[in-house]
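# Structural overview for review
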Amino acid sequence: MSVPLKSMSSEKKCVVLGVTGGIAAYKACEILRLLQKQGMDVFVVMTGNACRFVAPLTFETLSGHPVAVDTFERPATWEVEHISLAKRADLFLIAPATANIIGKMACGIADDMLSTTVMATRAPVMIAPAMNTGMWENPATQQNIATLIARGVHVVAPATGHLACGDSGAGKLEDVAVIAQRALDVLRARRDMEGLRVMVTAGPSREALDPVRYVSNRSSGKMGYAIARAAAQRGAQVTLLSGPVSIAAPQGVRLVRFTTTQELLDRAMECAPEQDILIQAAAPADYRAKEIAPQKIKKRGGEELVLRLIENPDVAATLGRAKREGQVFVGFAAETNDVTAHARDKLVRKSLDMIVANDVTKPGAGFDVDTNIVTLITREGERELPLMTKEEAAEHILTRALELRLAR
Ligand code: CTP
């Protein structure tokens with residue numbers, strides 16, 4: 001099979017549809033038809049097991065293209081085929097996606113046509129899982145799904161209902177119309193940050209007190225990671241400076257790690273000059289130990305322990321002093337009182353163009369939760385946003401930062 005490369009293709013968007021071996025495989029025929037009706041050109045890749053449920057000829061006839069099945073059957077061409085399909089895709093959709101392909105994708109295993117092609121693609125990837133409830137709820141599957149989401153894979157969660165195996169519960173392939181719609185939403189999604197370089201800082205810093213203890217704070221890094229992921233999906237070239245957090249790095253993002261506030265400052269000063277937009281969601285510790293004890297600090301039999309802390313550099317303020325013409329700098333202000341007044345003060349003091357203020361005492365805002373309530377403050381005015389997920393807040397923050405950039 002020879003597939004034309006993107007540059008040689010017509011205006012039609014290309015969806016590569018991966019079909020894996022589950023009883024719901026026949027529903028992929030309908031997804032293919034729905035996408036075609038919306039003007040998409042669909043190429044199908046099947047796993048060996050999928051071919052036991054639906055004959056490749058069905059997909060060949062419906063799609064009007066040869067179906068790619070197994071990597072090693074035609075050794076002379078398979079490498080070219082899977083790479084050209086991977087490049088050709090505007091969206092890579094796997095429906096139904098079995099626990100097996102989900103596990104392979106999460107672990108980076110590429111051992112057949114579908115797993116190698118999806119690994120090679122740079123297009124957005126969407127999966128619609130379908131499996132037995134026990135398999136779906138298994139911690140291994142759930143962990144793999146979380147890993148894929150963190151990397152930016154779109155997941156159309158399975159529906160709940162009667163399954164082909166006789167069980168009742170979650171695991172049923174979502175309605176085909178819903179899957180097709182979600183695929184179209186991704187295909188039509190904004191790519192409005194293409195060509196822009198964005199640096200995002202996220203997570204806490206840690207300042208050692210002795211070889212086993214440190215001073216830190218409650219930042220989870222979720223907000224910064226959501227911004228980095230959204231910016232990459234919108235086409236930006238993203239560098240993520242991350243403190244110690246337990247979230248997987250988003251796909252397509254350059255990850256630079258830091259531990260202390262001074263390390264964050266050093267890395268940020270190296271990266272900042274070439275950036276267009278800087279978003280500082282990290283929570284660098286304001287103080288560090290004046291002296292780090294070389295040995296573990298021992299208890300003192302009831303006597304007070306006095307720690308001497310000295311102030312760390314202010315990363316945002318230091319970067320602000322080196323800001324180039326046209327760069328947009330965004331900071332955060334997590335406050336517990338007089339939110340707007342404190343945030344406005346930081347906007348000026350740190351030479352920021354926008355500050356994202358939130359009252360961390362409100363339920364649904366702040367540390368370790370998946371939602372946030374923020375106000376976007378610029379020199380021109382304020383925009384108060386309602387309670388929303390950190391992913392949604394990330395989109396609003398990027399849209400406003402982009403407006404500021406375009407106004408330059
Ligand atoms: N920030 C920074 N360097 C620091 C402390 C904070 O760059 N040493 C940045 C954060 O990344 C954030 C913004 O400054 O974007 C505001 O952080 P916050 O902790 O609210 O500000 P502080 O200046 O530490 O103010 P205060 O602790 O007095 O509220």
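## Considerations on the packing of aromatic side chains
- Going through the model one piece at a time under the given rule, you end up with zero aromatic pairs.
- The ring of F329 is capped by K323, whose NZ or CZ atom sits 5.1 Å from the centre of that ring.

## Describing helix α11 (residues 261–271)
- Turning to α11, its buried residues number three or more, namely T261, L264, L265, A268 and C271. Take α11 and look down its axis: the buried residues cluster within an arc of 135 degrees, on one side only.

## Looking at the side chain of T98
- Following the sequence through the fold, T98 ends up in the loop between β3 (91–97) and α5 (99–107).
- Sequence-distant contacts of T98, defined by excluding residues within four places in its chain, comprise T20, G21, G22, A130 and M131.

## Section: the packing of α5 against helix α8 (residues 139–150)
- In the contact formed by α5 and α8, the axes pass within 9 Å of each other and the chain directions differ by 50 degrees. As far as their axial angle goes, α8 and α5 are oblique. α8 is crossed by α5, and the crossing has left-handed handedness. Mapping the contact onto sequence places A99, I102, G103, M105 and A106 in α5 and T141, N144, I145, T147 and L148 in α8.
- For the contact of α5 with α8, the class distribution of residues is six nonpolar, four polar and no charged.

## Focus: helix α6 (residues 113–120)
- By the criterion of burial, α6 is predominantly enclosed, with six of the eight residues buried.
- Buried residues of α6: M113, L114, S115, T116, T117 and V118, and no others.

## As for the environment of T160
- Of note, T160 is situated in strand β6 (residues 159–162).
- T160 sits in the exposed class, given a relative accessible area of 63%.
- Expressed as a C-alpha distance, the spacing of T160 and E263, which sit 103 residues apart in the sequence, is 48 Å.
- Beyond its immediate chain neighbours, meaning those up to four positions away, T160 contacts G169, A170 and K172.

## Let's talk about the packing of helix α10 (residues 222–233) against helix α14 (residues 390–406)
- Following both chains from N to C, one finds α10 and α14 inclined at 60 degrees, their axes separated by 8 Å at the closest point. Comparing the axis directions of α10 and α14 gives the class oblique. Both α10 and α14 take part in a crossing whose hand is right-handed. Together, K222, M223, A226, I227, R229, A230 and A231 of α10 and K390, E391, A393, A394, E395, I397 and L398 of α14 make up the contact between the two elements.
- Taken together, the residues of the contact of α10 with α14 sort by class into nine nonpolar, no polar and five charged.

## Remarks on the sheet that holds strand β5 (residues 154–155)
- Strand order across the open sheet formed by five strands is β2-β1-β3-β4-β5, with parallel pairing between neighbours. Each of the sheet's edge strands pairs with one partner strand only, and the pair in question is β2 (41–46) and β5.
- When strand β4 (residues 125–129) meets β5, the two strands line up parallel, connected through two bridges. Bridge pairing links M126 to H154 in β5.
- Of the strands in this sheet, β3 and β4 are in contact with α5, which crosses β3 at around 140 degrees.

## Let's talk about the site of the ligand
- Around the ligand lies a shell of 14 residues, among which A282, A316, F332, K346 and K350 are the nearest.
- With respect to the ligand, the backbone of P313 contributes an N or O atom lying 3.2 Å from a nitrogen atom.
- V315 has a polar backbone atom sitting 3.0 Å from a nitrogen atom of the ligand.
- Within the complex, 76% of the 570 Å² of free accessible area of the ligand lies under protein.
- Elements with a minimum of two residues in the shell around the ligand: α12 (315–321) and β16 (328–335).

## Focus: the nonpolar core
- The biggest cluster of nonpolar side chains holds 35 residues, and the ones touching the most others in it are M193, V200, I227, V238, I277, I279 and I397.
- Counting residues per element, the ones that place at least two in this core are β8 (197–202), α10, β11 (237–242), β13 (277–280), β16, β17 (354–359) and α14.
- Counting residues per element, this core draws most heavily on α10, at eight residues.
- Setting aside anything within four residues of it in sequence, one finds V200 in contact with G224, I227, A228, V238, T239, L240, L241 and I279.

## Points about the confidence of the model for the chain
- Mean pLDDT over the chain works out to 92, with 95% of the residues at or above the 70 mark.
- Contacts from residues 1–10, a stretch scored under 50 in pLDDT, to residues over four places away or in other chains number 18 contacts.

Basis of the calculations
- Residues numbered from 1 in each chain as written.
- Predicted model: local features only at pLDDT ≥ 70, side-chain atom pairs only at ≥ 80, totals over all residues.
- Heavy atoms only, no water.
- Phe/Tyr/Trp six-rings, centres within 6.5 Å; stacked < 30°, edge-to-face > 60°.
- Lys NZ or Arg CZ within 6 Å of the ring centre and 35° of its normal.
- Buried < 20%, exposed > 50% of the residue type's maximum accessible area, 1.4 Å probe, protein only.
- Helix = DSSP H or I, 4+ residues; strand = E, 2+ residues; numbered from the N terminus.
- Arc of directions from axis to C-beta.
- Contact = heavy atoms within 4.5 Å.
- Axes fitted to C-alpha atoms, helices over the stretch in contact; angles between N-to-C directions.
- Parallel < 35°, antiparallel > 145°, perpendicular 65-115°, else oblique.
- Left-handed = near helix turned anticlockwise from the far one by under 90°.
- Nonpolar A, V, L, I, M, F, W, Y, C, P; charged D, E, K, R; others polar.
- Pairing = 2+ DSSP bridges.
- Near = heavy atom within 4 Å.
- Polar contact = N/O pair within 3.5 Å; in protein donor to acceptor, adjacent residues only side chain to side chain.
- Areas by Shrake-Rupley, 256 points an atom, 1.4 Å probe, with all protein chains shown as cover.
- Core = buried A, V, L, I, M, F, W, Y, C linked by side-chain atoms within 4.5 Å.
- pLDDT = per-residue confidence, 0-100.

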